[in-house]
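Okay, here's what each chain looks like letter by letter:
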Amino acid sequence: ETGARVRISHPPPKDAQETGHFLMVLVYNLSMAKKNMVNWEAREYIAREKNAAWYVCFGIVVVGLAALAIFMQQFTFLLLIIVAAVALVVFSVRPPRVLHYSLSSKGLSEGNNLYTFGDFKSFGVLNEDNHYSIVLIPKKRFATSVVVYFPETSGEEIVDIFGAHLPMEPVKLDVLDKLVRLLRI
């Protein structure tokens, strides 16, 4: 099942000849809806391996920041450090989920979320360590960009559909993304 819907914009046929034409148009519309839809599965993010040295360095930084917070008697900051450290460890241990994506003329659906093309001003393609992703640049000033990983085998078809609806522009990792990758978070 592709989830494609065809809207019938004229009244039902009155005779056999009109019925035949109606069915041909319906079959054509259904086949075009299937051709213009791409489905794939991909991980939500790239999992980076963390060795024992990473956890030791992380622990040293957390203990150092906690000691600084205690020395300065900033107990709210201490609580923030502890909560952030626990959240980061839980997030780093959890494996990425495999998400199901569908791309159609309406937009990109990720599970139950639909991102319509009208919400974005452009898109770009990133290749990071042989992992390809589409980066959707939002129209809203403070909205975050949407990053979607895809298999290389479906890449041309995916980029063609995005290109039919949005302009493509070069994208690169911003400073925060580079820092996250450097720290292997």
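Residues numbered from 1 in each chain as written. Predicted model: local features only at pLDDT ≥ 70, side-chain atom pairs only at ≥ 80, totals over all residues. Heavy atoms only, no water.

### Looking at the layout of surface pockets
Next up, step 1: Counted as a void, the largest pocket has a volume near 970 Å³.
Next up, step 2: Every residue lining the largest pocket is counted, 35 residues in all, and those nearest its centre are Tyr45, Val147, Tyr149, Asp177 and Arg181.
Next up, step 3: Residue assignment for the lining of the largest pocket shows that the elements contributing at least two residues are helix 3 (75-93), strand 2 (98-103), strand 6 (131-138), strand 7 (146-150) and helix 5 (175-182).
Next up, step 4: Within the lining of the largest pocket, the residues separate by chemical class into 20 nonpolar, three polar and 12 charged. (1 Å grid on protein atoms, 1.4 Å probe; cavity = no way out; pocket = protein on both sides within 12 Å on 5 of 7 lines; lining within 4 Å. Points joined across faces, edges and corners; volume = space filled by probe spheres on them. Helix = DSSP H or I, 4+ residues; strand = E, 2+ residues; numbered from the N terminus. Nonpolar A, V, L, I, M, F, W, Y, C, P; charged D, E, K, R; others polar.)

### A closer look at the sheet that holds strand 5 (residues 120-128)
Next up, step 1: Read across the sheet, three strands follow the order 5-6-7 without closing on themselves; strand pairing throughout is antiparallel. Only two strands of the sheet have a single neighbouring strand rather than two, namely strand 5 and strand 7. The sheet shows a mean angle of 25° between the axes of neighbouring strands, direction not considered.
Next up, step 2: Direction of pairing for strand 6 relative to strand 7: antiparallel, over a ladder of five bridges. (Pairing = 2+ DSSP bridges. Axes fitted to C-alpha atoms, helices over the stretch in contact; angles between N-to-C directions.)

### So, the pattern of salt bridges
Next up, step 1: Applying the stated rule across the entire model yields two salt bridges.
Next up, step 2: Ionic pairing is found between Arg94 and Glu44, a salt bridge with its closest N-O pair at 3.0 Å. Here Arg94 is found in the loop between helix 3 and strand 2, whereas its partner Glu44 is found in the loop between strand 1 (38-43) and helix 2 (52-71), with 50 residues between them in sequence.
Next up, step 3: For Glu44, a relative accessible area of 19% gives the class buried.
Next up, step 4: Because the salt bridges share partners, they merge into one network encompassing Glu44, Arg94 and Arg97. (Salt bridge = Lys/Arg side-chain N within 4 Å of Asp/Glu carboxyl O. Buried < 20%, exposed > 50% of the residue type's maximum accessible area, 1.4 Å probe, protein only.)

### Structural notes on a nonpolar patch on the surface
Next up, step 1: A cluster of nonpolar residues, Val61, Leu65, Leu68, Phe71, Met72, Phe77 and Leu80, forms a patch on the protein surface that exposes about 700 Å² of accessible area.
Next up, step 2: When residues of the nonpolar patch are traced back to their parent elements, those giving at least two are helix 2 and helix 3.
Next up, step 3: Examining the composition of the nonpolar patch, we find that four residues originate from one element, helix 2, more than from any other.
Next up, step 4: Summarising the element assignment, Leu80 is placed in helix 3. (Patch = residues over 30% accessible without salt bridge, like charges linked within 9 Å, V, L, I, M, F, W, Y side chains within 5 Å. Areas by Shrake-Rupley, 256 points an atom, 1.4 Å probe, with all protein chains shown as cover.)

### Some remarks on helix 2
Next up, step 1: Between its terminal C-alpha atoms helix 2 stretches 28 Å, which fits the 28 Å expected from 20 residues at 1.5 Å a residue.
Next up, step 2: Residues of helix 2 that are buried: Trp54, Phe58, Ala66 and Ala69. The buried residues of helix 2 occupy an angular sector of 95° when the element is viewed end-on, so they sit on one face. Relative to its buried face, helix 2 has exposed residues pointing more than 90 degrees away, namely Ala52, Val56, Ile60, Val63 and Phe71.
Next up, step 3: Looking at the buried positions of helix 2, the neighbouring elements they touch are helix 3. (Expected span 1.5 Å × (residues − 1). Arc of directions from axis to C-beta. Contact = heavy atoms within 4.5 Å.)

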